Amino acid sequence: MSFADREQPRTLCLFDVDGTLTPARLTVSDEMKKTLAEVKKKCAIGFVGGSDFEKQVEQLGPNILQEFDYCFSENGLTAYKHGQKLASQSFIGWLGEDKYNRLAKFILRYLSDLDLPFRRGTFIEFRNGMINVSPVGRNASTKERNDYEAYDKQHNIRETMVKALQKEFPDFGLTYSIGGQISFDVFPTGWDKTYCLQYVEKDFDTIHFFGDKTYKGGNDYEIYNDPRTVGHAVTCPEDTIKDLKQIFNL
Ligand code: M1P
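From a predicted model like this one, the values you see are computed outputs, not experimental measurements.

Q: How should I be thinking about the sheet that holds strand S1 (residues 11–15) in this particular structure?
A: By definition, the strands of a sheet pair up through backbone hydrogen bonds, in either a parallel or an antiparallel sense. If you walk across this open sheet you meet the seven strands as S5-S4-S3-S2-S1-S10-S11, and the pairing is mixed. Where the open sheet ends on each side, the last strands, each with one partner, are strand S5 (84–86) and strand S11 (230–233). Taking each pair of neighbouring strands and ignoring which way they run, the sheet shows an average axis angle of 20°. Relative to strand S2 (residues 44–48), S1 runs parallel, the two being bridged by four bridges. Its bridge partner lying in S2, leucine 14 is registered against glycine 46. Helix-sheet contacts for helix H2 (residues 53–60) involve S2, strand S3 (70–73) and strand S4 (78–81), and the interaxial angle to S3 is about 125°.

Q: What is the right way to read the packing of helix H1 (residues 30–42) against helix H9 (residues 237–248) from this model?
A: If you want to describe how two helices pack, look at the angle between their axes and the distance between the axes. Two elements in contact, H1 and H9, have axes separated by 10 Å at closest approach and are oriented at 30°. Relative to H9, the element H1 lies roughly parallel. Between H1 and H9 lies a crossing of left-handed hand. Across the interface between the two elements, Glu31, Met32, Thr35, Leu36, Val39 and Lys42 of H1 pack against Pro237, Thr240, Ile241, Leu244, Lys245 and Phe248 of H9.

Q: I keep staring at the environment of alanine 79 and nothing clicks. Help me out?
A: Along the chain, alanine 79 turns up in strand S4. Assessed through its relative accessible area of 0%, alanine 79 is described here as buried. The spacing of alanine 79 and lysine 34 is 45 residues in sequence and 24 Å in space, taken between C-alpha atoms. Apart from residues no more than four positions distant in its own chain, alanine 79 is found in contact with Cys71, Phe72, Gln84, Lys85, Leu86 and Tyr199.

Q: Got a minute to help me understand the environment of glutamate 74 in this structure?
A: One can find glutamate 74 in the loop between S3 and S4. Those residues in contact with glutamate 74 that sit more than four places away from it in its chain are Gly49, Gly50, Ser51, Asp52, Arg127, Asn128, Gly129 and Met130.

Q: How should I be thinking about the site of the ligand in this particular structure?
A: Near the ligand there are 15 residues, and of these Asp18, Ser51, Arg145, Ser183 and Asp185 occur at the shortest range. Arginine 127 is positioned such that a nitrogen or oxygen atom in its side chain is 2.8 Å from an oxygen atom of the ligand. Between the ligand and glutamine 181, the relevant distance is 2.8 Å, taken from an oxygen atom to a main-chain nitrogen or oxygen of the residue. Protein chains bury 98% of the 390 Å² of accessible surface belonging to the ligand in isolation. Of the residues belonging to the shell around the ligand, the class tally is one nonpolar, eight polar and six charged.

Q: It is not clear to me how H1 should be interpreted in this structure. Could you clarify?
A: The periodicity of an α-helix, 3.6 residues per turn, causes residues three or four places apart in sequence to face the same way. Its 13 residues place the ends of H1 19 Å apart at the C-alpha level, agreeing with the 18 Å of an ideal helix rising 1.5 Å per residue. Here H1 has its buried residues at Met32, Thr35, Leu36, Val39 and Lys42. In a view along the axis of H1, the buried residues occupy a sector of 100°, so they form one face of it. Those residues of H1 that are exposed and angled more than 90 degrees off the buried face are Asp30 and Lys34. Of the surrounding elements, those touching the buried residues of H1 are S1, S2 and H9.

Thresholds applied
- Residues numbered from 1 in each chain as written.
- Predicted model: local features only at pLDDT ≥ 70, side-chain atom pairs only at ≥ 80, totals over all residues.
- Heavy atoms only, no water.
- Pairing = 2+ DSSP bridges.
- Helix = DSSP H or I, 4+ residues; strand = E, 2+ residues; numbered from the N terminus.
- Axes fitted to C-alpha atoms, helices over the stretch in contact; angles between N-to-C directions.
- Contact = heavy atoms within 4.5 Å.
- Parallel < 35°, antiparallel > 145°, perpendicular 65-115°, else oblique.
- Left-handed = near helix turned anticlockwise from the far one by under 90°.
- Buried < 20%, exposed > 50% of the residue type's maximum accessible area, 1.4 Å probe, protein only.
- Near = heavy atom within 4 Å.
- Polar contact = N/O pair within 3.5 Å; in protein donor to acceptor, adjacent residues only side chain to side chain.
- Areas by Shrake-Rupley, 256 points an atom, 1.4 Å probe, with all protein chains shown as cover.
- Nonpolar A, V, L, I, M, F, W, Y, C, P; charged D, E, K, R; others polar.
- Expected span 1.5 Å × (residues − 1).
- Arc of directions from axis to C-beta.

This is the structure in structure tokens:
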């Protein structure tokens, strides 16, 4: 059995990253690392985030492949178990070049017409299992991120853009998910965080999921409500630690 060295070998704790293990786009605390190491003695641990693997390394540290039993980037479209890469599908393979071209042209045109107080660079980030669209651009600094987020809250830029995309491409089978501060993810419907469960559902009797965006429309909603998980809604990394201490008597 893969996890025979754990006290509860058929239990998995799966964590969202931003707002659950770390503050949004920032790095993991020593206290969280210590708590996760304790939890790993009890059961298997993994994370599932919308970001790509490189960003998760920036946030969680260079040794994530050793520290976590499962690493799921882009909702599990890039997946590792015990440091070994698992097979995955790609966004472009699923959608096809023609449809992606139409989508990208519409997005770039839409973005160029937006009135924004400032812009930075990288407006479409092309990933393996999704694209990420940012009206302000992914090169925004932490301060610029916060400023943009406040502006977006006031003017509903992303929400309005998602509605326009849904109207323009009703038959593309895509889901648009506003999970962070400055962008939204676009991926095939069904490739939300529940996508990663296919890699773990047979190996565990209990899969705890911890996330901060578990409300309808949040990017933890589907996996939090999935019958295969026991959902835990948290408000911040400190709250996650509090829950873990209670659940595992740490
Ligand atoms: O993990 C949540 C989101 O984090 C980032 O969002 P933003 O840059 O807007 O704060 C992105 O990596 C996004 O893909 C991810 O869903």
